[in-house]
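The residues making up each chain are set out below.
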Amino acid sequence: MLFVVSGPSGCGKSTIIHHVMRDLRNVQFSVSYTTRPRRPSEQDGRDYHFVTKPEFERMIARRQFVEWAEVHGHYYGTSKKEIAQKAKAGDLVLDIDIQGARQIKSRPVRAVFVFVLPPMFDELKRRLKERGEDKPEVIGQRLMHAKKEIRHYVLFDYVVINNKLDRAVLELESIILGGRCRLDVRKPQIKEILKSFR
Ligand code: ADP
Ligand code: 5GP
């Protein structure tokens, strides 16, 4: 099952996903392609596939993305290959923006949509500053963007409020585990159990 996680920059999406992947087995992270410069703490291939604008545009032309969007002045996209390879192994978490979430929603794929909110605007500002990986003007741009972005929470199935990190991690884990318990997802397992009752 796909889990699409969106929310304003700095609300804690990467941090929460990182913890969930440590706690739960069979959860993979979809590594996006981006033209944004790499942050000091990031690793190519682990956090993103960092590519040039022409490389990204070539991938668009070759229809290699399930979804892509321009966010904060840079391109970001999820490759079809990434989804095809990783979704086979279990649950797959996508950290993408609202435009990307909308594109996934319009496709015939089964996905659960999760929106992450910070407890309040000033805390979002504090987190972006404390992360210390974006220039002040970039932080300003992201905060402006956040004000518009959060209005779209109604598109989502679930909302995780990232006040205390442990709680937010538990909430996303509960959503994933809840997804795994769905009758349609459990059908193959149920069939096996029912066989033993014969
Ligand atoms: P995003 O992926 O949504 O842009 P990050 O995961 O990079 O956000 O988090 C932004 C900053 O906030 C990071 O420095 C992270 O350590 C911090 N952070 C995340 N969750 C919490 C939390 N619940 N309480 C305090 N700080 C947090
Ligand atoms: P950041 O630059 O902080 O890593 O990410 C900025 C925004 O781009 C976040 O909202 C993040 O969810 C989004 N993003 C990351 N990867 C993708 C992607 O593949 N597609 C889309 N549409 N958005 C993405």
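Note that the coordinates shown come from a computational prediction; the quantities given were computed from them, not determined experimentally.

Draft legend 1. Structural detail: the sheet that holds strand β7 (residues 91-95). Taken together, five strands build an open sheet; the order of strands is β2-β7-β1-β8-β9 and the sheet is parallel. The sheet is open, and its two borders are formed by β2 (27-29) and β9 (158-161), each paired with just one other strand. Strand-to-strand twist of the sheet, defined as the mean angle between neighbouring strand axes without regard to direction, takes the value 25°. Here five bridges tie strand β1 (residues 2-6) to strand β8 (residues 111-117), and the two strands are oriented parallel to one another. The residue bridging F3 from the neighbouring strand is V112, located in β8. Docked against the sheet, helix α4 (residues 98-105) engages β1, β7 and β8, running at close to 160° with respect to β8.

Draft legend 2. Main features of the site of ligand 1. Taken together, 15 residues sit near ligand 1, with G10, S14, T15, R131 and N162 positioned nearest. Between an oxygen atom of ligand 1 and a main-chain N or O atom of C11, the distance comes to 3.4 Å. S14 has a polar side-chain atom sitting 2.5 Å from an oxygen atom of ligand 1. Out of a free accessible area of 570 Å², ligand 1 has 79% covered by protein chains. Taken atom by atom, the bulk of ligand 1 overlaps the largest pocket. Only α1 (13-23) and α5 (121-131) provide two or more residues apiece to the shell around ligand 1. Partitioned by chemical class, the residues of the shell around ligand 1 number three nonpolar, seven polar and five charged.

Draft legend 3. Fine view of the packing of aromatic side chains. As enumerated under the stated definition, the model contains nine aromatic pairs in all. Seen in terms of ring centroids, Y33 and F65 are 6.1 Å apart; in terms of plane orientation they differ by 70°. Their pairing is edge-to-face. One end of the pair, Y33, is in strand β3 (residues 32-34); the other, F65, is in strand β5 (residues 65-71), with 32 residues separating them in the sequence. For F65, a relative accessible area of 6% corresponds to the buried category. When the centroid spacing of 5.0 Å and the interplanar angle of 45° are considered together, the rings of F115 and F156 count as tilted. Here F156 lies in the loop between α6 (136-149) and β9 and F115 lies in strand β8, a separation of 41 residues in the sequence. A single burial state applies to F115 and to F156, both of which are buried. Through successive ring pairs, a cluster of aromatic residues spans Y33, F56, F65, W68 and Y75. Over the ring of F113 we find K105, and its NZ or CZ is 5.1 Å from the ring centre. Above the plane of the ring of F121 lies K147, whose end atom (NZ or CZ) is 4.7 Å from the centre.

Rules used throughout
- Residues numbered from 1 in each chain as written.
- Chains lettered and ligands numbered in written order.
- Predicted model: local features only at pLDDT ≥ 70, side-chain atom pairs only at ≥ 80, totals over all residues.
- Heavy atoms only, no water.
- Pairing = 2+ DSSP bridges.
- Helix = DSSP H or I, 4+ residues; strand = E, 2+ residues; numbered from the N terminus.
- Axes fitted to C-alpha atoms, helices over the stretch in contact; angles between N-to-C directions.
- Contact = heavy atoms within 4.5 Å.
- Near = heavy atom within 4 Å.
- Polar contact = N/O pair within 3.5 Å; in protein donor to acceptor, adjacent residues only side chain to side chain.
- Areas by Shrake-Rupley, 256 points an atom, 1.4 Å probe, with all protein chains shown as cover.
- 1 Å grid on protein atoms, 1.4 Å probe; cavity = no way out; pocket = protein on both sides within 12 Å on 5 of 7 lines; lining within 4 Å.
- Sits in = over half its atoms within 2 Å of the grid points.
- Nonpolar A, V, L, I, M, F, W, Y, C, P; charged D, E, K, R; others polar.
- Phe/Tyr/Trp six-rings, centres within 6.5 Å; stacked < 30°, edge-to-face > 60°.
- Buried < 20%, exposed > 50% of the residue type's maximum accessible area, 1.4 Å probe, protein only.
- Lys NZ or Arg CZ within 6 Å of the ring centre and 35° of its normal.

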